[in-house]
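Structural overview
The lines below spell out each chain.
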Amino acid sequence: MNRIRVLSEGVAAKIAAGEVIERPASVVKELVENALDAGATEVRVEVQAGGKSLVRVADNGRGMSAEDAALCFKRHSTSKISDEQDLDRISTLGFRGEALASISAVARVTLKTSDGAGGKGVMIEREGEKLVSVTEIAFPRGTTVEVRDLFFNLPARRKFLRSDRSELSFIVRTVTGIAAAFPETRFVLAHGERVLLDCPAVRTAGERIYQLFGREVASGLMEIKAAEGSHHLEGYASLPLGGRADRSLQHVFVNRRPVRDRMIMAALNQAYAGILERNRAPEAFLFFSIPFEEVDVNVHPAKSEVRFSNAQTVFRLVLQAVQAAVARGPVLKKMQPAAGGPAPAQGEGVLRAVAEPKLPWGEAAIGPGLRPEDEAGTGHGGPAFGQGFPEGAVHELQPQPAATPRVIGQYENLYIIASAPEGLLVIDQHNAHERVLYDRFVEIDRERAWPVKMLLVPEVVELSASDFAAFEEAAADLEAMGFLADQMGGRSVALKGYPDLFGPAEARDVFLSLVAEGSGRAGEERRKRLLATLACKSAVKAGEPLNMEKMSYLVEELFRTGQPALCPHGRPIVLRIEKDDLDRGLGRPAARAGR
Ligand code: ADP
Ligand code: MG
């Protein structure tokens, strides 16, 4: 059956033009997208020399008739859209009819394809813009495209390609990206003789992520989910206290199309503020489903950016999804038994992670440490999500037991030592108190209920030029928090009242540090920052001796907060030493406990 048409001049002119093929990875992306658009359940990618000498993509999709095969290399020939209206609701990955034209203009291309009719197929060879041969061949249903010697006729472009190794890592990232969004499709990627990736079809994105990135990454993820009207988001993202040093594991898909989007990245960062340690970036696999007519995919030559009709909704979905998942239960930082080896070198991590999980799916998924009772009650996840996700990851999500840990004592006037069913807890007293106060302050602030103490004699504070500017900026917020201060001319202000949390002697210091902290930030962020600083200033200090009663009260309050794991500045509060690790370290296997 013939499907391909050449778009009219008018439609073609409306297509975001630009460089489609930049490097071997772009060839891989376009060919794999074509295979998926053709309904393939298996896609094999073979490359040589980082894709510079060969990219071969073979699929078992619906293939092309001989007539379509003759047409597909023509610019703006496509089977996926026909008129202008179609541009407004694109459901396929491709739609411009440009990829094969662009590729064949800059390489030696061989296409073999068959739509299965009569067991026959066709082979077309092209070199640059030239047609070299058309041959009838015996070929099963499907399509194989070979692209050799990319940019052979554009030496200047060829010179700009990077080393085989780094071109290969672009390819790996491209394939793993797309493969994450199509778990029901088998993907194989080989570099020369070496199979880098072979992931059979699975049911869920979670299983696919496990196949692609291995147990370690998968077990650090939590399932996330949110919906607003016809906009849906599902996916996986770092557990609190997780994340990694770089942003290499952030993949965003809109209707299964891999995209890059600054706004979504900003939302992700905001969602993770305060639940990841400083200098950590969240891992994220975000799958958005949005009505086709509300996403414009025709804005970028490589189709890797999109425009949303409801960008705000998309932003909110990210925040809501992460917040809801975090609210399911706090996770306490586990003490690492021993420092691990050096982190893998930049760029190598991807390849190694990819080469590693070639274990048969199933067995490896159920890692040690899975407690059978944890399988029940996770109770979330739609049809394609949740079920089948490696349980190792899910067990981390279990809310900590409701029982408050029992305080054993204080260590070095810094740490509270407590006992809990899951192990020994070492709690930073200052950070813990800071978290407790911060949550309380947020509450007070929301209700505008700061208790204010008035000074009999106002305290005159002389500010530096920069502090004075900061004060003017934050004055309204400070006043709302109970710091009543009047400008007195010059750079002095008279502090007349302060929140009734500390003595008059401290009020001045706290006021000064708030002024300095609030500068250069806007709106909500400034407010949170001020509250965090206020909590920090009024919390018990490191080095302060505490009696049992105070410690018990503090720990009880801590575990009542939404986030006992991290202080508002992103420092960990609680370290958990598992009983298993103690048993192991002291040569008392858990199985023989009691002997
Ligand atoms: P687009 O994907 O934007 O339509 P391409 O230049 O990538 O443009 O492909 C042109 C046309 O060739 C497609 O619309 C499709 O009909 C056909 N085609 C390309 N690759 C395949 C494939 N692997 N299987 C079946 N048809 C294909
Ligand atoms: Mg295409």
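Further up the page is the structure itself.
What this report covers is the structure whose coordinates are included nearby.

**Some remarks on the layout of surface pockets**
A water-sized probe rolled over the atoms picks out the places where empty space is left. The computed volume of the second largest pocket comes to approximately 1,400 Å³. Surrounding the second largest pocket, 38 residues form its lining, Gln270, Ala273, Gly274, Tyr438 and Lys528 being those nearest its centre. Elements represented by at least two residues in the lining of the second largest pocket include exactly α8 (262-272), α9 (311-327), α12 (429-446) and α15 (523-538). Residues belonging to the lining of the second largest pocket are distributed by class as follows: 15 nonpolar, nine polar and 14 charged. Looking at which domains feed residues into the lining of the second largest pocket, each of domain 2 (212-328) and domain 3 (363-576) supplies at least three.

**As for the site of ligand 1**
Near ligand 1 you find 20 residues, and of these Asn34, Thr78, Ser79, Lys80 and Gly97 are the closest. One nitrogen or oxygen atom from the side chain of Asp59 is found 2.9 Å from a nitrogen atom belonging to ligand 1. Contact distances for ligand 1 include 2.7 Å between an oxygen atom and a side-chain N or O atom of Lys80. With the chains in place, 95% of the 530 Å² that ligand 1 exposes on its own is no longer accessible. At the level of secondary structure, the elements contributing two or more residues to the shell around ligand 1 comprise α2 (24-37), β4 (77-78) and α4 (99-105). The residue inventory of the shell around ligand 1, partitioned by class, reads eight nonpolar, eight polar and four charged.

**Some remarks on the sheet that holds strand β23 (residues 484-487)**
Strand order in this open sheet of three strands is β22-β24-β23, and the pairing throughout is antiparallel. Each end of this open sheet is capped by a strand with a single partner; those strands are β22 (452-462) and β23. Sheet twist, expressed as the mean angle between neighbouring strand axes with direction ignored, is 20°. Bridge count for β23 against strand β24 (residues 492-499) is four bridges, and the pairing is antiparallel. Bridge pairing in β24 places Asp486 opposite Ala494. Each of β23 and β24 is contacted by helix α13 (residues 465-480), which is oriented at about 140° to β23, the strand it contacts most.

**Considerations on the environment of Arg194**
With respect to the helices and strands, the residue Arg194 is situated in strand β10 (residues 194-199). C-alpha of Arg194 to C-alpha of Glu46: the two residues are 148 residues apart in sequence and 9.4 Å apart in space.

**Quick notes on the packing of aromatic side chains**
Counted under the stated rule, the structure contains six aromatic pairs. Centre to centre, the rings of Phe471 and Phe511 are 6.0 Å apart; their planes meet at 65°, and the pair counts as edge-to-face. Linking Phe471 in helix α13 with Phe511 in helix α14 (residues 504-518), this pair joins segments that are 40 residues apart in sequence. Grouping residues by exposure puts Phe471 and Phe511 together as buried. Taken together, the ring pairs connect Phe468, Phe471, Phe483 and Phe511 into an aromatic cluster.

**Concerning the sheet that holds strand β5 (residues 108-114)**
The pairing of strands in a sheet comes from backbone hydrogen bonds and takes either a parallel or an antiparallel form. Across the sheet, eight strands lie side by side as β7-β6-β5-β8-β3-β2-β9-β10; this open sheet has mixed pairing. In this open sheet, the two edge strands, each paired with only one partner strand, are β7 (130-138) and β10. Geometrically, the sheet is characterised by an average inter-axis angle of 10° between neighbouring strands, direction not taken into account. Both strand β2 (residues 42-48) and strand β9 (residues 186-191) contribute to a ladder of six bridges, which runs parallel. Bridging from a neighbouring strand, Glu46 pairs with Ala190 of β9. Packing against the sheet, α2 makes contact with β2, β3 (54-59), β8 (142-148) and β9, and its axis sits at approximately 10° to β3. Each of β9 and β10 is contacted by helix α7 (residues 205-218), which is oriented at about 165° to β10, the strand it contacts most.

**Digging into α7**
For α7, built from 14 residues, the straight-helix expectation of 20 Å at 1.5 Å per residue is missed by more than 12%, its first-to-last C-alpha distance being only 11 Å. A bend of about 100° at Leu212 is the largest found in α7. If you check which residues of α7 are buried, you get Ala205, Gly206, Glu207, Arg208, Ile209, Tyr210, Gln211, Leu212, Phe213, Gly214, Val217 and Ala218.

**Considerations on unusual backbone geometry**
Phi at Phe151 takes a positive value of approximately 65°, unusual for a residue other than glycine. Turning to its location among the elements, Phe151 is positioned in the loop between β8 and α5 (155-159). We classify Phe151 as buried; its relative accessible area is 0%. For Arg448, which is not a glycine, the phi torsion comes out positive at approximately 50°.

**Here's the deal with the packing of α2 against helix α6 (residues 164-181)**
One can describe the packing of α2 onto α6 by two numbers: an axis separation of 8 Å at closest approach and a directional angle of 25°. In terms of orientation, α2 lies roughly parallel with respect to α6. Note on packing geometry: the crossing formed by α2 with α6 is right-handed. Here Pro24, Ala25, Val28, Lys29, Val32, Glu33 and Leu36 of α2 lie close against α6, whose contacting residues are Glu167, Phe170, Ile171, Thr174, Val175 and Ile178. The residue inventory of the contact of α2 with α6, partitioned by class, reads nine nonpolar, one polar and three charged.

**Quick look at the pattern of salt bridges**
Summed over the entire model, instances satisfying the criterion amount to 36 salt bridges. For Arg244, the salt bridge is made with Glu283, and the minimal N-O distance between the two is 3.5 Å. You can see Arg244 sitting in the loop between β12 (231-238) and β13 (250-254) and its partner Glu283 sitting in the loop between α8 and β15 (284-289), a full 39 residues away along the chain. Assessed through its relative accessible area of 6%, Glu283 is described here as buried. Here Asp500 ties to Lys453 by a salt bridge, and the two come within 3.5 Å at their closest N and O atoms. Linking Asp500 in the loop between β24 and α14 with Lys453 in strand β22, this pair joins segments that are 47 residues apart in sequence. Given a relative accessible area of 40%, Asp500 falls into the partly exposed group.

**Focus: the state of the cysteines**
If you walk through the whole model with that rule in mind, you get zero disulfides. You can see Cys536 has no disulfide; the closest cysteine sulfur is in Cys567, sitting 7.7 Å from it. The exposure class assigned to Cys567 is buried, which follows from its relative accessible area of 0%.

**Thoughts on α9**
Structurally, the α-helix is built with 3.6 residues per turn, so residues lying three or four positions apart point the same way. Here α9 contains 17 residues, and its C-alpha end-to-end distance of 25 Å stays within 8% of the 24 Å for a straight helix at 1.5 Å per residue. Where α9 is buried, its residues contact β11 (221-228), β12, α8, β15 and β17 (307-308).

Calculation notes
- Along each chain, numbering runs from 1 in the same order as the chain's sequence is written.
- Chain labels run from A onward and ligand labels from 1 onward, assigned in the order the entries are written.
- Only residues with pLDDT of at least 70 get local features here, since the model is predicted, and only at 80 or more are side-chain atom pairs given and counted; chain-wide, interface and lining totals rely on the full set of residues.
- In computing side-chain values, all of the structure's heavy atoms are included and hydrogens and water are not.
- The definitions used throughout rest on a 1 Å grid laid over the protein atoms alone, on which a cavity is an enclosed set of points accommodating a 1.4 Å probe that cannot get out and a pocket is an open set flanked by protein within 12 Å on both sides along at least five of seven lines; lining residues are those having an atom within 4 Å of a point.
- Grid points are joined across faces, edges and corners, and a volume is the space filled by probe spheres set on the points.
- For the purposes of this entry, the term helix denotes a DSSP run of H or I that reaches at least four residues, the term strand denotes a run of E that reaches at least two, and both are numbered from the N terminus.
- Classification convention: Asp, Glu, Lys, Arg as charged; Ala, Val, Leu, Ile, Met, Phe, Trp, Tyr, Cys, Pro as nonpolar; all other residues, Gly among them, as polar.
- The source of the domain bounds is an automatic or database domain assignment.
- We define proximity as follows: a residue is near a molecule or strand when any one of its heavy atoms falls within 4 Å of that partner.
- Polar contacts here mean pairs of N or O atoms no more than 3.5 Å apart (in protein, one a potential hydrogen donor and the other a potential acceptor; neighbouring residues in sequence count only if both atoms are side-chain atoms).
- Each accessible area is a Shrake-Rupley result for a 1.4 Å probe, and residues are judged covered by the shown protein chains and nothing else.
- When DSSP finds two or more bridges between two strands, those strands count as paired.
- Here an axis means a line fitted to C-alpha atoms, over the contact stretch when the element is a helix, while the angle between two N-to-C directions is reported on a 0 to 180 degree scale.
- A contact between two residues is defined here by any heavy atoms of the two lying within 4.5 Å.
- Note on aromatic pairs: the rings of Phe, Tyr and Trp (six-membered ring only in Trp) are paired at centre separations within 6.5 Å, and the planes decide the class, stacked below 30 degrees, edge-to-face beyond 60, tilted for the rest.
- For the exposure calls, accessible area comes from a 1.4 Å probe over protein chains only, and a residue counts as buried if that area is under 20% of its type's maximum, exposed if over 50%, partly exposed in between.
- Between the first and last residue of a helix there are one fewer steps than residues, each counted as 1.5 Å, and that sum is the expected span.
- Bend, in this description, refers to the angle at a residue between axes fitted to the seven residues ending there and the seven starting there.
- We call two directions roughly parallel when the angle between them is under 35 degrees, roughly antiparallel when it is over 145, roughly perpendicular when it lies between 65 and 115, and oblique otherwise.
- Each crossing gets its hand from how the near helix is turned against the far one by less than a right angle, where anticlockwise is left-handed and clockwise is right-handed.
- What counts as a salt bridge is simple: a side-chain nitrogen of Lys or Arg found within 4 Å of a carboxyl oxygen of Asp or Glu.
- Note that a disulfide, as used here, is simply two cysteine sulfur atoms within 2.5 Å.

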